Amino acid sequence: MAEPFSSSSMATSLTLACGVSLASLLPGIDGNALVGAFAGAAVFVLHKSRLRLPIRISYFGLSMVAGYLAAPELTQWLPIHEHGISAFIASAAIITLTHKGLDALNQLDLIEWFKRWRQAK
């Protein structure tokens, strides 16, 4: 039976996980948020397995950075007190929410919306 992961992808995953763990030890870095963002980005990328590898890698990086940066804000808005959990939630959801928002903006007819807004005044 074939292995689901090749040895090179496992080595890359372990190297990346070790890098995140070491980066969380640096002063000024919130280790909980960094590990949570890494886990959320990994869940997102594993869930989107039908995308090509370069796209998944870029989504992983964007998701991880956005999740790390959104963690403090999300802990203020949700009844969650740990930055790791809020970073996980943010990084797992941020790309999907961004895609939905961009799709909604593409379907929005600004001229029609402006005409309705002027008529309502």
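Scroll up a little and you will see the structure.
Residues numbered from 1 in each chain as written. Predicted model: local features only at pLDDT ≥ 70, side-chain atom pairs only at ≥ 80, totals over all residues. Heavy atoms only, no water.

Draft legend 1. Examining the overall build of the protein chain more closely. When helices and strands are counted, the protein chain shows five helices and zero strands. Put simply, the protein chain has 121 residues, and 21% of those count as buried. Long-range pairs, those at least 24 residues apart, make up 57% of the contacts in the protein chain between residues at least 6 apart in sequence. For the protein chain, the computed accessible surface area is about 9100 Å², with 68% contributed by carbon and sulfur atoms. (Helix = DSSP H or I, 4+ residues; strand = E, 2+ residues; numbered from the N terminus. Buried < 20%, exposed > 50% of the residue type's maximum accessible area, 1.4 Å probe, protein only. Contact = heavy atoms within 4.5 Å. Areas by Shrake-Rupley, 256 points an atom, 1.4 Å probe, with all protein chains shown as cover.)

Draft legend 2. Main features of the nonpolar core. F44, F60, M64 and A87 are the most contacted members of the largest nonpolar core, which totals 13 residues. Secondary-structure elements contributing two or more residues to this core are α2 (31–47), α3 (53–77) and α4 (83–107). Considering each element in turn, this core owes the most residues, seven residues, to α2. Excluding its chain neighbours within four sequence positions, the residues that come into contact with F44 are Y59, S91, A92, I95 and T96. (Core = buried A, V, L, I, M, F, W, Y, C linked by side-chain atoms within 4.5 Å.)

Draft legend 3. Structural detail: the packing of α3 against α4. Packing of α3 against α4 brings their axes to within 7 Å, and their N-to-C directions diverge by 125 degrees. Classed by the angle they form, the pair α3 and α4 counts as oblique. Considering only the axes of α3 and α4, their crossing is right-handed. Along the contact surface, α3 presents Y59, L62, S63, A66, G67, A70, A71, P72, L74 and T75, while α4 presents H83, S86, A87, I89, A90, S91, A92, I94, I95 and H99. Within the contact of α3 with α4, the residues separate by chemical class into 13 nonpolar, seven polar and no charged. (Axes fitted to C-alpha atoms, helices over the stretch in contact; angles between N-to-C directions. Parallel < 35°, antiparallel > 145°, perpendicular 65-115°, else oblique. Left-handed = near helix turned anticlockwise from the far one by under 90°. Nonpolar A, V, L, I, M, F, W, Y, C, P; charged D, E, K, R; others polar.)

Draft legend 4. Structural context of the pattern of salt bridges. With the rule as written, the count across this model stands at one salt bridge. Residue R116 pairs with E112 through a salt bridge whose shortest N-O separation is 3.6 Å. On the criterion of helical spacing, the pair formed by R116 and E112 is a turn pair, its members being four residues apart in helix α5 (residues 110–120). Exposure remark for R116: the relative accessible area of 58% places this residue in the exposed category. (Salt bridge = Lys/Arg side-chain N within 4 Å of Asp/Glu carboxyl O.)

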